[in-house]
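Structural overview for review
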Amino acid sequence: MANKRNEDIELGPVEGRGSTDKDPFLARRSSSQPTRPQQVGPFGGYFDKVDHSPGASILAYCLSSISMTVVNKYVVSGSEWNLNFFYLAVQSLVCTAAILICKQLGMFQNLAPFDSTKAKKWFPISLLLVGMIYTSTKALQFLSVPVYTIFKNLTIIVIAYGEVLWFGGSVTPMALLSFGLMVFSSVIAAWADIQAAVNGVGHTAEATEAISTLNAGYAWMGMNVFCTAAYVLGMRKVIKKMNFKDYDTMFYNNLLTIPVLIVFSLLFEDWSNDNLIKNFPVETRNSLFIGMIYSGLAAIFISYCSAWCIRITSSTTYSMVGALNKLPIAVSGLIFFDAPVTFGSVTAIFVGFVSGLVFAWSKTRQKVTQILPTAQPTMSASAASNRDAANA
C-alpha cells in the first residue's frame, strides 16, 4: 500500500528500487557446480521477451496506476457512501494477506520477519498514512478525477519546500517554473469546475448544492496536500534508520493501519443495517466488493510494476512516465465518470500535464548536474606530469 498510497508523489527519480527487489529473486549458483542449460517451455521465450520489454513495463505501470484511481473513484462515488474507514481497512487487510501469501510462495524472499521494535518506531508514520489516505478518499469523493489529479500536483510544491527546510538543498529556477504552472492549472481547474456547477454542466444537483460539494472537496484536498507532505517527509526521515526495503514498508504500513482503521470505523461510522444497505445497494453490491478487493491487490501491482519499469528502463524514464501518466489518469475521469468537459477543464489538464513534464525534466537535469563535474578537479604537479607523459 505504500506505493499505491503515495499516489505518484515522486520528487525525483527513484534510486535503487529495481535492484533491491530484483536481486532476491535470482538464485545464487556456486561457481564449483556445473550449470545445466535451462529448459525453456513453449511460452518461456515469449514471457522472457515481455519481461525485458521497456514498453510492456511502462504500459503495466500506467495501467495499474490508472485502474487504481478509477476503482477508488467508483467505490467512493456513491451518493450515500460514508464508510471510508471501512473501505481503507479492507484495502489494508487484502494487501497484507497478499504480501504474506507471496512470501509463503517465495516471491518476496527479501521481506524481513515482523519486528515489534520496528513496528513501534514506524507506528507514527502509519498514523500519518491514515490521515493521508482518508483525506485522499474524501477529496476524491467530492471532486472529479481530473480536478483531483491536478490539485494533487500542489503536494509536490509543499514536499519540495519541506525538503529544503528539513534536509537542505535548493529549488532550481525550472522547478519554480513548474510550480507556477501547477498553481496556474489548479486555479483554472477550480474556476472551470465552479463555472460548470453554476451553469449546471455535468452536474445534476442544484447549483448551490454543487458549489457546497465542491467547497467540501477543496477543503479535503487542502488537508490531503499537507497530510501527504507530512507522511512523505516523515517517512523519508525515519526509513533510513529502519533499513526498510520496499515490501517491508508496504507490509508494515498495511499491517499497522488495520487496527487504527477498524477502530476509527467502529467509532465514527454508522454500522446500522439501514446505512449498510445505502452504502451497498443490491444492484451494485458485488461490483463494490470486487472493487474493494482489487484496490488492495493493486497496491502490489503498482509496487511490482514500478520496480519492473526502473529495472528495465531507468529511474529517469520512470520519473518521466510518472509525469506523463497524469494525462491519461485525468482523461479517464472524463471517460468513466460524469466529469464536465469544458474549455477550462481541458486547458487545466493540459497545463497540469506540462507542469509535470517541466518538473520531471528539472529533477532529471538537477541529478545530471550533481553527477557530472562542473569544474576540472585539482591536480598535483606530479599527476599532471604523468598525464602529459601518457598523452605524449
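The written sequence of each chain sets the order in which its residues are numbered from 1. Residue-level local features of this predicted model are given only where pLDDT is at least 70; pairs of side-chain atoms are given and counted only at 80 or more, and the full residue set underlies all totals for whole chains, interfaces and linings. Each side-chain value is worked out from all heavy atoms of the structure, with water and hydrogens disregarded.

**Structural notes on the overall build of the protein**
In plain terms, the rule: To qualify as a helix, a DSSP run of H or I must reach at least 4 residues; to qualify as a strand, a run of E must reach at least 2; elements of each kind are numbered from the N terminus. Type-normalised accessible area, obtained with a 1.4 Å probe on protein chains alone, sets the label of each residue: buried when under 20%, exposed when over 50%, and partly exposed for intermediate values. The protein chains shown are the only cover counted for residues, whose accessible areas, like all others here, come from Shrake-Rupley with a 1.4 Å probe.
Of the regular secondary structure elements, the protein holds 17 helices and 0 strands. For the protein, the residues scored as buried account for 46% of the 392 residues in total. Carbon and sulfur atoms provide 65% of the accessible area of the protein, an area that totals close to 20100 Å².

**Considering the packing of aromatic side chains**
Which entries qualify depends on this criterion: Any two rings among Phe, Tyr and Trp, with Trp reduced to its six-membered ring, count as a pair given centres within 6.5 Å; such a pair is stacked if its planes are under 30 degrees apart, edge-to-face if over 60, and tilted if neither. Here, a charge over a ring means that NZ of Lys or CZ of Arg falls within 6 Å of the ring centre while also lying within 35 degrees of the ring normal.
According to the stated counting rule, one finds 15 aromatic pairs in the structure shown. Ring centres of Tyr-134 and Trp-220 lie 5.7 Å apart, and the angle between their planes is 80°; on these two criteria the pair is classed as edge-to-face. Here Trp-220 lies in helix H10 (residues 207-242) and Tyr-134 lies in helix H6 (residues 116-142), a separation of 86 residues in the sequence. Grouping aromatic residues by their ring pairs yields a cluster made of Trp-81, Phe-86, Tyr-87, Trp-271, Phe-280 and Phe-289. Across the ring face of Trp-166, the terminal group of Lys-237 is positioned such that the distance to the ring centre comes to 5.7 Å.

**Quick word on the environment of Phe-85**
The condition is simple: Note on contacts: a residue pair is in contact if any heavy atoms of the two residues lie within 4.5 Å.
With respect to the secondary-structure elements, Phe-85 resides in helix H5 (residues 84-104). Between the C-alpha atom of Phe-85 and that of Ser-265, which follows or precedes it by 180 residues, the distance is 5.1 Å. Non-local contacts of Phe-85, meaning those with residues more than four positions away in its chain, are made with Val-130, Tyr-134, Leu-261, Phe-264, Ser-265 and Glu-269.

**Some words on the pattern of salt bridges**
Counted only if it meets this: A pairing counts as a salt bridge when a side-chain nitrogen of Lys or Arg comes within 4 Å of a carboxyl oxygen of Asp or Glu.
Counted by the stated rule, this structure contains 1 salt bridge. Between Glu-163 and Arg-236 there is a salt bridge; the shortest N-O distance is 2.5 Å. Here Glu-163 is found in helix H8 (residues 154-167), whereas its partner Arg-236 is found in helix H10, with 73 residues between them in sequence. A residue is classified by how much of its surface remains accessible, and Glu-163, at 18% relative accessible area, is buried.

**A look at the packing of H5 against helix H13 (residues 285-312)**
Keep this limit in mind: Every axis in this analysis is a line fitted to C-alpha atoms, fitted for helices over the stretch in contact. Angles between the N-to-C directions lie between 0 and 180 degrees. Throughout, the term roughly parallel applies to angles under 35 degrees, roughly antiparallel to angles over 145, roughly perpendicular to angles from 65 to 115, and oblique to all others. Helix crossings are classified by the rotation of the near helix relative to the far one: an anticlockwise turn of less than a right angle makes the crossing left-handed, while a clockwise turn makes it right-handed.
Orientation of H5 relative to H13, taken along the N-to-C sense of each, is 50°, at an axis distance of 8 Å. Viewed along their axes, H5 and H13 adopt a mutual orientation that is oblique. Here H5 runs over H13; the crossing is right-handed. For the pair formed by H5 and H13, the contact residues are Phe-86, Tyr-87, Val-90, Gln-91, Val-94, Cys-95, Ala-98 and Ile-99 on the first element and Met-292, Ile-293, Ser-295, Gly-296, Leu-297, Ala-299 and Ile-300 on the second.

**Details of the packing of helix H7 (residues 145-152) against H8**
Using the following cut-off: For this classification, Asp, Glu, Lys and Arg are treated as charged, while Ala, Val, Leu, Ile, Met, Phe, Trp, Tyr, Cys and Pro are nonpolar and the rest, including Gly, are polar.
Two elements in contact, H7 and H8, have axes separated by 4 Å at closest approach and are oriented at 15°. On the basis of the axis angle, H7 is roughly parallel to H8. Here Ile-150, Phe-151 and Lys-152 of H7 lie close against H8, whose contacting residues are Leu-154, Thr-155 and Ile-156. Per-class residue counts for the contact of H7 with H8 are 4 nonpolar, 1 polar and 1 charged.

**Quick word on the nonpolar core**
Applied cut-off: Residues belong to a common nonpolar core when they are buried Ala, Val, Leu, Ile, Met, Phe, Trp, Tyr or Cys residues joined through side-chain atoms within 4.5 Å.
Among the nonpolar cores identified, the biggest contains 34 residues, and Ile-99, Phe-108, Trp-122, Tyr-231, Tyr-252 and Ile-300 are the most heavily contacted of them. Taken together, the elements giving at least two residues each to this core come down to H5, H6, H10, helix H11 (246-268) and H13. If one sorts the elements of this core by residue count, H6 sits on top with 8 residues. Among all residues touching Ile-300, those that are not within four sequence positions of it are Cys-95, Ala-98, Ile-99, Phe-108 and Met-250.

**Quick word on the side chain of Ser-185**
Keep this limit in mind: Side-chain atoms alone can form a polar contact between residues adjacent in sequence; in general such a contact is a pair of N or O atoms within 3.5 Å, and within protein one must be able to donate a hydrogen while the other accepts it.
Checked against the element boundaries, Ser-185 lands in helix H9 (residues 173-199). Judged by relative accessible area, which is 0%, Ser-185 ranks as buried. At 2.8 Å, the side chain of Ser-185 and the backbone oxygen of Met-182 are in polar contact. Beyond its immediate stretch of four places on either side in the chain, Ser-185 contacts Ile-150, Ala-348, Val-351 and Gly-352.

**Here's the deal with the environment of Lys-152**
Along the chain, Lys-152 falls in helix H7. For Lys-152, a relative accessible area of 3% corresponds to the buried category. Linking Lys-152 and Gly-222, residues 70 residues apart in sequence, is a C-alpha distance of 9.3 Å.

**Points about H7**
Helical periodicity: at 3.6 residues per turn, an α-helix aligns residues three or four positions apart in one direction. Most of H7 sits out of view: 8 of its 8 residues are buried. Within the sequence span of H7, burial applies to Val-145, Pro-146, Val-147, Tyr-148, Thr-149, Ile-150, Phe-151 and Lys-152.

**Brief notes about the state of the cysteines**
Applicable threshold: Two cysteine sulfurs form a disulfide in these notes if their separation is within 2.5 Å.
Per the stated rule, a full pass over the model turns up 0 disulfides. With no disulfide of its own, Cys-102 lies closest to Cys-95 among cysteine sulfurs, the gap being 9.3 Å.

**So, a nonpolar patch on the surface**
Just so we agree on the cut-off: Within the patch definition used here, like charges are joined within 9 Å and nonpolar side chains (Val, Leu, Ile, Met, Phe, Trp, Tyr) within 5 Å, considering only residues with over 30% relative accessible area and no salt bridge.
A cluster of nonpolar side chains, namely Leu-93, Ile-262, Leu-266 and Trp-271, defines an oily patch on the protein surface of about 380 Å² accessible area. Looking at where Ile-262 falls in the secondary structure, it is placed in helix H11. The partly exposed category is assigned to Ile-262, whose relative accessible area is 35%.

**Considering the confidence of the model for the protein**
This is how the line gets drawn: Per-residue confidence from the predictor is reported as pLDDT, which spans 0 to 100.
Per-residue pLDDT for the protein averages 77, and the proportion of residues at 70 or more is 77%. Across the protein, the element-wise mean pLDDT spans from 36 in helix H2 (residues 17-22) up to 93 in helix H12 (residues 273-279). Low confidence marks residues 2-40, where pLDDT is under 50. Its contacts with residues over four positions away, or in another chain, come to 80 contacts. A low-confidence stretch, residues 372-392 stays under pLDDT 50, and its non-local contacts, those more than four residues away or across chains, total 3 contacts.

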